[in-house]
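The primary structure of each chain is shown beneath.
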Amino acid sequence: MPPTFLQKSPQEIVERCISENKVFIFSKSFCPFCFKVKAIFRSERIGFDALELDLIENGAEIQEALFAKSGQKTVPNVYINGEHVGGSDKVQELHSKGELITLLNPKTHSYDYDYIVIGGGSGGLASSKEAARLGAKVAVCDFVKPTPIGTTWGLGGTCVNVGCIPKKLMHQAAILGHDLKDSREFGWSTPEKPEHNWNTMVEGIQNHIGSLNWGYRVALRDKKIDYLNAFATFVDEHTIKTVDKKGKEKTLTSNNFLIAVGGRPRYPDIPGAKEFGITSDDIFSLPYSPGKTLLVGASYISLECAGFLHGLGYDVTVMVRSILLRGFDRQMSEKIGEIMEQMGVKFLRETIPTSVERIEEGQPGKLKVTAKTRSGGQVVDEYNTVVFAIGRDPFISELGLENIGVQLAKSGKIVVDKREVSSVSNVYAVGDVIDGGLELTPVAIQAGKLLARRLYGNGKELMDYVNVPTTVFTAIEYGCCGLSEEAAVEKFGEANIDVYHSNFWPLEFTVAHRPENDCYAKLVVLRKEGEEFVIGFHYLGPNAGEVTQGFSIALKLNATKSDFDNLVGIHPTCAEVFTTLTITKRSGKDVASQGC
Ligand code: FAD
Ligand code: NDP
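Residues numbered from 1 in each chain as written. Chains lettered and ligands numbered in written order. Predicted model: local features only at pLDDT ≥ 70, side-chain atom pairs only at ≥ 80, totals over all residues. Heavy atoms only, no water.

Q: Would you take a moment to explain the overall build of the protein for this structure?
A: Scanning the protein for helices and strands turns up 18 helices and 26 strands. In terms of overall dimensions, the protein has a C-alpha envelope of 85 × 65 × 50 Å along the principal axes. Going through the 596 residues of the protein one by one, you find that 51% of them count as buried. Of the accessible surface of the protein, which amounts to about 28,000 Å², a share of 51% is contributed by carbon and sulfur atoms. (Helix = DSSP H or I, 4+ residues; strand = E, 2+ residues; numbered from the N terminus. Buried < 20%, exposed > 50% of the residue type's maximum accessible area, 1.4 Å probe, protein only. Areas by Shrake-Rupley, 256 points an atom, 1.4 Å probe, with all protein chains shown as cover.)

Q: Just to check I follow, could you spell out the nonpolar core for this structure?
A: Within soluble globular proteins, side chains that are nonpolar tend to cluster in buried spots. Among the nonpolar cores identified, the biggest contains 64 residues, and Trp198, Phe537, Phe564 and Phe578 are the most heavily contacted of them. For Phe537, the contacting residues outside a window of four places in its chain are Gly479, Cys480, Cys481, Lys522, Leu523, Val547, Thr548, Phe551, Leu555, Phe564 and Phe578. Ile25, Val78, Leu455 and Tyr456 belong to the second largest nonpolar core, which has 41 residues in total. (Core = buried A, V, L, I, M, F, W, Y, C linked by side-chain atoms within 4.5 Å. Contact = heavy atoms within 4.5 Å.)

Q: What's the story with the site of ligand 1 in this structure? I'm lost.
A: Residues in close proximity to ligand 1 total 37 residues, the closest being Asp142, Phe143, Thr158, Lys167 and Asp432. Between ligand 1 and Ala232, the relevant distance is 3.0 Å, taken from a nitrogen atom to a main-chain nitrogen or oxygen of the residue. Between an oxygen atom of ligand 1 and a main-chain N or O atom of Thr441, the distance comes to 3.0 Å. At the level of secondary structure, the elements contributing two or more residues to the shell around ligand 1 comprise helix H6 (122-133), helix H7 (157-162), helix H8 (164-185), strand E8 (230-236) and helix H14 (441-456). Per-element accounting of the shell around ligand 1 gives the leading share, four residues, to H7. Among the residues making up the shell around ligand 1, the classes are represented as 20 nonpolar, 12 polar and five charged. (Near = heavy atom within 4 Å. Polar contact = N/O pair within 3.5 Å; in protein donor to acceptor, adjacent residues only side chain to side chain. Nonpolar A, V, L, I, M, F, W, Y, C, P; charged D, E, K, R; others polar.)

Q: How do you make sense of the site of ligand 2 when you look at a structure like this?
A: Around ligand 2, the structure places 21 residues, and the nearest of them are Glu304, Ser322, Arg326, Glu439 and Thr471. Note that an oxygen atom of ligand 2 is positioned 3.0 Å from one of the side-chain N or O atoms of Ser299. Between an oxygen atom of ligand 2 and a side-chain N or O atom of Arg326, the distance comes to 2.8 Å. Protein contacts shield 79% of the accessible area of ligand 2, which totals 930 Å² for the unbound molecule. Secondary structure elements with two or more residues in the shell around ligand 2: helix H12 (300-311) and strand E22 (470-472). Among the elements that line the shell around ligand 2, the one with the most residues is H12, at three residues. Split by residue class, the shell around ligand 2 holds nine nonpolar, six polar and six charged.

Q: What should I look at first to understand the packing of H8 against helix H9 (residues 198-222) in this one?
A: How two helices pack is summed up by the angle between their axes together with the distance between the axes. In contact at an axis separation of 10 Å, H8 and H9 are set at 145° when each is read in the N-to-C sense. Classified by chirality, the crossing of H9 by H8 is right-handed. Where H8 abuts H9, its residues Ile165, Pro166, Leu169, Met170 and Ala173 lie against Trp198, Met201, Val202, Ile205, His208, Ile209 and Leu212. Looking at the contact of H8 with H9 residue by residue, the class counts come to 11 nonpolar, one polar and no charged. (Axes fitted to C-alpha atoms, helices over the stretch in contact; angles between N-to-C directions. Left-handed = near helix turned anticlockwise from the far one by under 90°.)

Q: What exactly am I supposed to notice about the state of the cysteines here?
A: A disulfide bridge is the covalent bond that connects two cysteines by way of their sulfur atoms. The final tally for this structure, using the stated rule, is zero disulfides. With no disulfide of its own, Cys34 lies 3.1 Å from the sulfur of Cys31, the closest cysteine sulfur. The thiol of Cys481 is not disulfide-bonded; the next cysteine sulfur, from Cys480, is found 7.5 Å away. Cys481 gets classed as buried once you look at its relative accessible area, which sits at 1%. (Disulfide = S-S within 2.5 Å.)

Q: Looking at this model, I keep getting lost on a nonpolar patch on the surface. Mind explaining?
A: On the surface, Phe186, Trp188 and Val511 cluster together into a nonpolar patch covering about 360 Å² of accessible area. Here Phe186 shows up in the loop between H8 and H9. (Patch = residues over 30% accessible without salt bridge, like charges linked within 9 Å, V, L, I, M, F, W, Y side chains within 5 Å. Salt bridge = Lys/Arg side-chain N within 4 Å of Asp/Glu carboxyl O.)

Q: Would you mind showing me how to read the sheet that holds strand E13 (residues 293-296) here?
A: Adjacent strands of a sheet pair through backbone hydrogen bonds, lying either parallel or antiparallel. Sheet architecture is open: five strands sit in the order E12-E19-E13-E14-E15, paired in parallel fashion. Taken across any chain shown, the strands that pair with only one partner, and hence form the sheet edges, are strand E12 (278-279) and strand E15 (346-348). Pairing of strand E14 (residues 316-319) with E15 involves three bridges; the strand directions are parallel. Note that in E15 the partner of Thr317 across the bridge is Lys346. (Pairing = 2+ DSSP bridges.)

Below, the structure is given as structure tokens:
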């Protein structure tokens, strides 16, 4: 509260606190009843503003003015939407009856809904449930248009059906295969060449996904959210038309809309791509074993699929247009490529496909792929399956955005401000569809939840896109958070950056005789004012997601290299390597692994 505000008359201060804030608590900093009331609002994730009357000079006068207005002498004294609610007992009573939230969002319009969410994926479901919890009347429209070969799926969006979940489970299937080989060194008797059954794996994974789809429907019903399995198109900024799979149309109106329609895989514009190629939308439910597979693209999706397919025993080739994992730390990316190559994944560098032809019918059949290299050469080879993983486009061409004038960026994605508002003031967007965001599930979820809290829970927090951790689930996993070495040098200058690093040999690898120097840890630090701030965390090794998740909070809290050094490690783990890093790249010393 600005000091000038507190120079106004006590009556005016009271009036303005009440009228300018949705939820206001007149409080005292030592009062246990005030703590209780604030804890209730926090537990409901309802934002509030408070004035601590004991900490300001004219607190006693303000309390008198408040007494004159509300008839209540004590604190806490709570107002919601300009209405006097009362003290601690009253707030507790309303809370226990579930009525606190009703006070927060009185209906002020005549639309069918407060909030219609288009897209029942990570961002849309999270936002719709949070908005409903905060008392909004909500509907969710979710509809999956089939892929060119006819694959379709249920409620939950990309992550659950054709993304993170089936990907991680197939990655796990590959890890198990590797573990089976290792297990012999630990005394288990397993067949020399364990066999994997693709259909058994797909069935198990699809059954799990089916249960998740069902769970989401139940969750929406329990939260009294109307679910429409229908495709939505904007008619005007308060109206959408929905069409279900039987062609039945409905018109719905809403005060606010959230666009959370995600993206779909891109196909190259070459002959045969859509007729004979597939994408990540098809691979996880493929009803037959893919056989010899070509993956086109060299980022997350391509390398992850290459990793698990190779781990499951398939002959795998990755066609790389330029570099691996654009945007990630170069050293780490190239190391992943080297390790995958050593494992047996083939890489066709600086090559792009020019056509795909079917040369043999069947499941999987046989395809002839012609490609050209950067130097002008031609490469021709035969594969059973071709997977395009060359990026994803926002799924907005049929959304009717032109009917309401939502502004798009050059990327074709929706332009939003930091409050996720599009160029149309009641139309918001989160997740993969927004320009400048990060295409990650937890990002869509967090942005969707925070938006709902700002719209219906008086929340103030904005989505923070900085230092978001991520993991690439390649055969050897790569987790990172913060800046790559190159980005750090570019931003702060080489003289101010140091890189601490080490190879390490996970204990689990030793008895199994896995390579000693595949795993690698690196911290990028910024030297500033006599301190070394950790601004980049990079880990190549087992369980990278788990390790990176934990350390990412350190980066969020601006941890220094001394904080990492002072941390006592857990022995014997891989993560402990980050508590003992002493060698800098600048020193040129050898970081080859020395064993335990
Ligand atoms: P989505 O989850 O894509 O949901 C959008 C929904 O809206 C879909 O169901 C769509 O059919 C529906 N829809 C579209 N248009 C309409 C319309 N007009 N009317 C009604 N419904 C409509 N992220 C991670 O964090 N970790 C991972 O390990 C990971 N792995 C991935 C692996 C793969 C293979 C892929 C493809 C992605 C992966 N991702 C991962 C990214 C993650 O899946 C996405 O970032 C996330 O799902 C985006 O959520 P969203 O809410 O923006 O959209
Ligand atoms: P990306 O956009 O990240 O990468 C596309 C890849 O395809 C690049 O290697 C690109 O090469 C290449 N490419 C583009 N066009 C062509 C073309 N015409 N011919 C040949 N190659 C081409 O897309 P992805 O599909 O891999 O991933 C999409 C997003 O999904 C990711 O950004 C990520 O956020 C999310 N995701 C997250 C995962 C996780 O958290 N573990 C896993 C999977 C996906 P070039 O570098 O030359 O442009």
